[in-house]
Amino acid sequence: MGKDHYDCCLNCLDREFHPSNIGLKYQYPTDFVRSQWPRLKPNIYCIFRVVLALGFLVWLITNIVEEIEWFYPEKPHLWFTYATNWSFFILCLSFIFRAILTLYYDVCNKEVLQQRDSLTVGLQCSWLFNTIAWNISIVVSICFWVFIITMDTSWYFQTTGSEIKHSLGAILVIIDLFISGDPVRLLHFVYPISLGLFYIGFNALYFALRGEGPKGNHLLYKVLDWTRPGVVVVTIILTLICSILVQVLLHELFRLRWLIFKSMYPDLAANRELHGPNEEMTNILGSQDVSDANNYDSTDSRKEN
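Residues numbered from 1 in each chain as written. Predicted model: local features only at pLDDT ≥ 70, side-chain atom pairs only at ≥ 80, totals over all residues. Heavy atoms only, no water.

K.L.:
Is there a simple way to explain the overall build of the chain in this structure?
P.N.:
The secondary structure content of the chain amounts to eleven helices and zero strands. Helices and strands in the chain line up, N terminus first, as α-α-α-α-α-α-α-α-α-α-α. The proportion of buried residues among the 305 residues of the chain is 49%. Taking contacts inside the chain between residues at least 6 apart in sequence as the whole, the part at least 24 apart equals 79%. Accessible surface computed for the chain: about 14700 Å², of which carbon and sulfur atoms make up 68%. (Helix = DSSP H or I, 4+ residues; strand = E, 2+ residues; numbered from the N terminus. Buried < 20%, exposed > 50% of the residue type's maximum accessible area, 1.4 Å probe, protein only. Contact = heavy atoms within 4.5 Å. Areas by Shrake-Rupley, 256 points an atom, 1.4 Å probe, with all protein chains shown as cover.)

See the structure below:
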């Protein structure tokens, strides 16, 4: 039993870390415009996505206006220099893009995706946005509560609004993950890490060009003080490790979501035919469970197939 479990884990890891999984290929496009849960009908799910997108957009606009007015009225551009605000802006774009695609494919063009076994360019872009947004929203929240709020006593980080802001994104991501049908791949950590490195480059350039921070100096974050390269290097390494671990966490939550679905709806979970070795199913459950559940599905039972 122990050896079988060990072999299963090795097989699962081998498949999950296959180079092809870095890409954005996926054979069930409807998973991206439907909920994981059959009781959440497509029209209700569309409403959820639209309300989430509009609500977050209103919150984001309000936050931009209020923070510029309160924290840096003479330097409005500073709002766009913080990693937290980058993460919230990308998360907002992700919610809006997904709402538009859900409305388009599941309301206006229902038959389009049902006839495809690959993602459209729009769905691939949405998956990429979502992957980055989910990861960096949680990373930013962790970095704030573990490092920034304890090491940086700047008053604009210590407000109740800042605490809510640095928690809201992560909470919405977890909710979205458990409601949606999106898959999560471990190797997709390369995308949020790429954005993180881009922000580090931006921050370094901003410092080198003597850009002003809220206090009139050239620092946006004390942990990214480029006059102390040792601290910066440690900060970058810890953040990159955190991003990888967050991707592992998201994958395990995704796997948990599927296992809950499988236990609640075994017939639906077994309805999708295996087309040879099903990499998505094997990645999630391991080869020993593939015989128990003949497919890996979100909400669409696909009985017509």
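More follows now that the structure is in view.
K.L.:
How do you make sense of the pattern of salt bridges when you look at a structure like this?
P.N.:
When the charged atoms of two side chains with opposite charge come close together, those side chains can pair. The tally for this structure, following the rule as stated, stands at three salt bridges. Asp-176 serves as the salt-bridge partner of Arg-49, at 2.9 Å between the closest nitrogen and oxygen. Taken together, the positions of Arg-49 in helix α2 (residues 42–70) and Asp-176 in helix α6 (residues 160–179) put the pair 127 residues apart, joining distant regions of the chain. Like Arg-49, the residue Asp-176 is buried in the burial classification. When the shortest N-O distance is used, the salt bridge between Arg-98 and Asp-182 registers 2.8 Å. (Salt bridge = Lys/Arg side-chain N within 4 Å of Asp/Glu carboxyl O.)

K.L.:
What exactly am I supposed to notice about the packing of α6 against helix α8 (residues 229–264) here?
P.N.:
Geometry of a packed helix pair, given as the angle between the helix axes and the separation of the axes. With their axes 9 Å apart at the nearest point, α6 and α8 run at an angle of 40 degrees to one another. Viewed along their axes, α6 and α8 form a crossing whose handedness is right-handed. Every residue of α8 that contacts α6 at Val-173, Ile-174, Leu-177 and Phe-178 is listed here: Leu-250, Leu-253, Phe-254, Leu-256 and Arg-257. For the contact of α6 with α8, a count of residues per class yields eight nonpolar, no polar and one charged. (Axes fitted to C-alpha atoms, helices over the stretch in contact; angles between N-to-C directions. Left-handed = near helix turned anticlockwise from the far one by under 90°. Nonpolar A, V, L, I, M, F, W, Y, C, P; charged D, E, K, R; others polar.)

K.L.:
Please clarify how the nonpolar core should be interpreted in this entry.
P.N.:
Across soluble globular proteins, nonpolar side chains have a tendency to be buried as a group. Ranked by internal contacts, the top residues of the largest apolar core, which has 56 residues, are Leu-123 and Leu-250. Those elements that provide at least two residues to this core are α2, α3 (83–108), α5 (121–151), α6, α7 (190–208) and α8. Not counting the four nearest positions on each side in its chain, Leu-123 is found in contact with Pro-29, Phe-32, Val-33, Leu-101, Tyr-105 and Leu-113. Membership of the second largest hydrophobic core comes to six residues, among which are Trp-37, Phe-261, Tyr-265 and Ala-269. (Core = buried A, V, L, I, M, F, W, Y, C linked by side-chain atoms within 4.5 Å.)

K.L.:
What is the right way to read the packing of α3 against α6 from this model?
P.N.:
Taken N-terminus to C-terminus, the directions of α3 and α6 make an angle of 30 degrees; their axes are 10 Å apart at the nearest point. Handedness of the α3/α6 crossing: left-handed. Within the contact between the two elements, α3 uses Thr-84, Asn-85, Phe-88, Leu-91 and Phe-95 and α6 uses Lys-165, His-166, Leu-168, Gly-169, Leu-172, Val-173 and Asp-176.

K.L.:
Sorry, what's going on with the side chain of Thr-120 here?
P.N.:
Its location among the elements puts Thr-120 in the loop between α4 (110–114) and α5. Its relative accessible area of 11% is what places Thr-120 among the buried residues. Beyond its immediate sequence surroundings of up to four residues, Thr-120 is in contact with Tyr-105 and Leu-113.

K.L.:
Just checking my understanding: could you explain α6 for this structure?
P.N.:
Note: α-helices contain 3.6 residues per turn, so residues at a spacing of three or four share the same orientation. Taking 1.5 Å per residue as the helical rise, α6 with its 20 residues ought to reach 28 Å, and the 28 Å between its terminal C-alpha atoms agrees with that figure. At Leu-168, α6 shows its largest kink, close to 25 degrees. Within the sequence span of α6, burial applies to Ser-162, Lys-165, His-166, Ser-167, Gly-169, Ala-170, Leu-172, Val-173, Asp-176 and Leu-177. (Expected span 1.5 Å × (residues − 1). Bend = angle between axes of the 7 residues up to and from the residue.)

K.L.:
When you look at the packing of aromatic side chains in this model, what are you seeing that I'm missing?
P.N.:
In this description, an aromatic ring pair is defined by two values, namely the gap between the centres and the angle between the planes. Summed over the entire model, instances satisfying the criterion amount to 22 aromatic pairs. Plain terms: the ring middles of Tyr-82 and Tyr-221 are 5.3 Å apart, the flat faces sit at 85 degrees to each other, and that makes the pair edge-to-face. Here the residue Tyr-82 occupies a position in the loop between α2 and α3, and Tyr-221 occupies one in the loop between α7 and α8, the gap between them amounting to 139 residues. Classification of Tyr-82 by relative accessible area gives buried; the value is 4%. For the pair Trp-86 and Phe-202, a centre-to-centre distance of 5.3 Å together with 40 degrees between the ring planes defines the contact as tilted. Here Phe-202 lies in helix α7 and Trp-86 lies in helix α3, a separation of 116 residues in the sequence. By way of ring pairs, the aromatic residues Trp-86, Phe-198, Tyr-199, Phe-202 and Tyr-206 are connected into one cluster. (Phe/Tyr/Trp six-rings, centres within 6.5 Å; stacked < 30°, edge-to-face > 60°.)

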